[in-house]
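Below are the chains, spelled out letter by letter.
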Amino acid sequence: MEEKTLRYPGHAMIIKALREMKLLSDEYRDLTAKLLFPLWEMKPEEGDRDITIMWVKVEGTGKEEERITLEWELFDRFDEKSKIHSMARTTAFPCAIVARLIAEGEITNEGVIPPEKLGMDEGLYSKIMWELRKRGIKIKEKVIVERELV
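Treat the numbers as computed from the prediction; the structure is a model and nothing was measured.

So, about the pattern of salt bridges. Applying the stated rule across the entire model yields ten salt bridges. Put simply, Arg49 and Glu80 hold a salt bridge, and the shortest N to O gap is 2.6 Å. Highlighted residues: Arg49 in the loop between α2 (29–40) and β1 (51–61) and Glu80 in the loop between β2 (67–77) and α3 (86–103), separated in sequence by 31 residues. Between Arg89 and Asp76 there is a salt bridge, with its nearest N and O atoms 2.9 Å apart. Pair noted here: Arg89 is in helix α3 and Asp76 is in strand β2, with a separation of 13 residues, a long-range link. If you follow the salt bridges from partner to partner, you end up with Arg49, Glu80 and Lys83 in one network.

Before going further, it helps to spend a moment on the side chain of Glu71. Relative to the helices and strands, Glu71 resides in strand β2. There is no salt bridge for the buried Glu71, and the closest opposite charge comes from Lys142, which lies 4.0 Å off by N-O distance. Among the polar contacts made by the side chain of Glu71, one reaches the side chain of Trp55 at a distance of 3.3 Å. Ignoring sequence-local partners within four residues, the contact set of Glu71 consists of Trp55, Val56, Lys57, Lys140, Glu141 and Lys142.

Our focus in this paragraph is the sheet that holds β2. Taken together, the three strands give an open sheet; going across it, the order is β1-β2-β3, and neighbouring strands pair in antiparallel fashion. Both edges of this open sheet fall to β1 and β3 (139–146), since each of them pairs with a single strand only. Taken pair by pair, the neighbouring strands of this sheet meet at an average axis angle of 10 degrees, ignoring direction. Pairing analysis gives eleven bridges linking β1 to β2, with the strands arranged antiparallel. Pairing of Gly60 across the sheet is with Ile68, part of β2. Contacting β1 and β2, α3 crosses the sheet at an angle of about 130 degrees to β2.

Here we take up the pairing of β2. Once β1 ends, the chain turns through five residues before running back antiparallel as β2, passing Glu65 with a positive phi of about 65 degrees. Relative to β3, β2 runs antiparallel, the two being bridged by eight bridges. Paired with Thr69 across the strands is Ile144, a residue of β3.

Positive phi values are uncommon outside glycine, yet Lys22 reaches one of about 70 degrees. Relative to the helices and strands, Lys22 resides in the loop between α1 (11–20) and α2. A positive phi angle is found at Lys83, which is not glycine, with a value near 65 degrees. If you trace the backbone, Lys83 turns up in the loop between β2 and α3. Judged by its relative accessible area of 45%, Lys83 is partly exposed.

For α3, with 18 residues, the first-to-last C-alpha span of 25 Å sits near the 26 Å given by 1.5 Å per residue. Along its length, α3 shows its largest kink, about 25 degrees, at Ala92, and proline Pro94 lies within four residues downstream of that point. Every buried residue of α3 is listed here: Ser86, Arg89, Thr90, Phe93, Ile97, Val98 and Leu101. Those residues of α3 that are buried lie in contact with β1, β2, α4 (115–119) and α5 (122–134).

Calculation rules
Residues numbered from 1 in each chain as written. Predicted model: local features only at pLDDT ≥ 70, side-chain atom pairs only at ≥ 80, totals over all residues. Heavy atoms only, no water. Salt bridge = Lys/Arg side-chain N within 4 Å of Asp/Glu carboxyl O. Helix = DSSP H or I, 4+ residues; strand = E, 2+ residues; numbered from the N terminus. Buried < 20%, exposed > 50% of the residue type's maximum accessible area, 1.4 Å probe, protein only. Lys, Arg positive; Asp, Glu negative; His and termini not counted. Polar contact = N/O pair within 3.5 Å; in protein donor to acceptor, adjacent residues only side chain to side chain. Contact = heavy atoms within 4.5 Å. Pairing = 2+ DSSP bridges. Axes fitted to C-alpha atoms, helices over the stretch in contact; angles between N-to-C directions. Expected span 1.5 Å × (residues − 1). Bend = angle between axes of the 7 residues up to and from the residue.

In structure tokens, the structure reads:
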């Protein structure tokens, strides 16, 4: 499993310099946050926009030894109409949907529930995906089944 985050050109060099100056250490972290967070705040009124891209690929073997590949692709942009950042839309909406399903008694598990556990319930998975689509979050799903014909 791997995860990659795309940043703007020069980001790594800036973070490396901050680390070398000890500004990311426990001792100076609060000061660094007070100085930098105002600079990093998105300002849509000044033209700031974000996108969120996610690609998940899972490969395995089915019950009859067939090779199965599942892929999910998400590409989301800042919402010009609502002025909601893409990162907020793609993280907060799923949380709100699951919270509502818990409140309505459709999810009854106690404690921490990993998202992949929710995804194993086809009914919940369908409801969550439907609710995301209603909010403009589009996820493409691809299923590839490869089997030998005898």
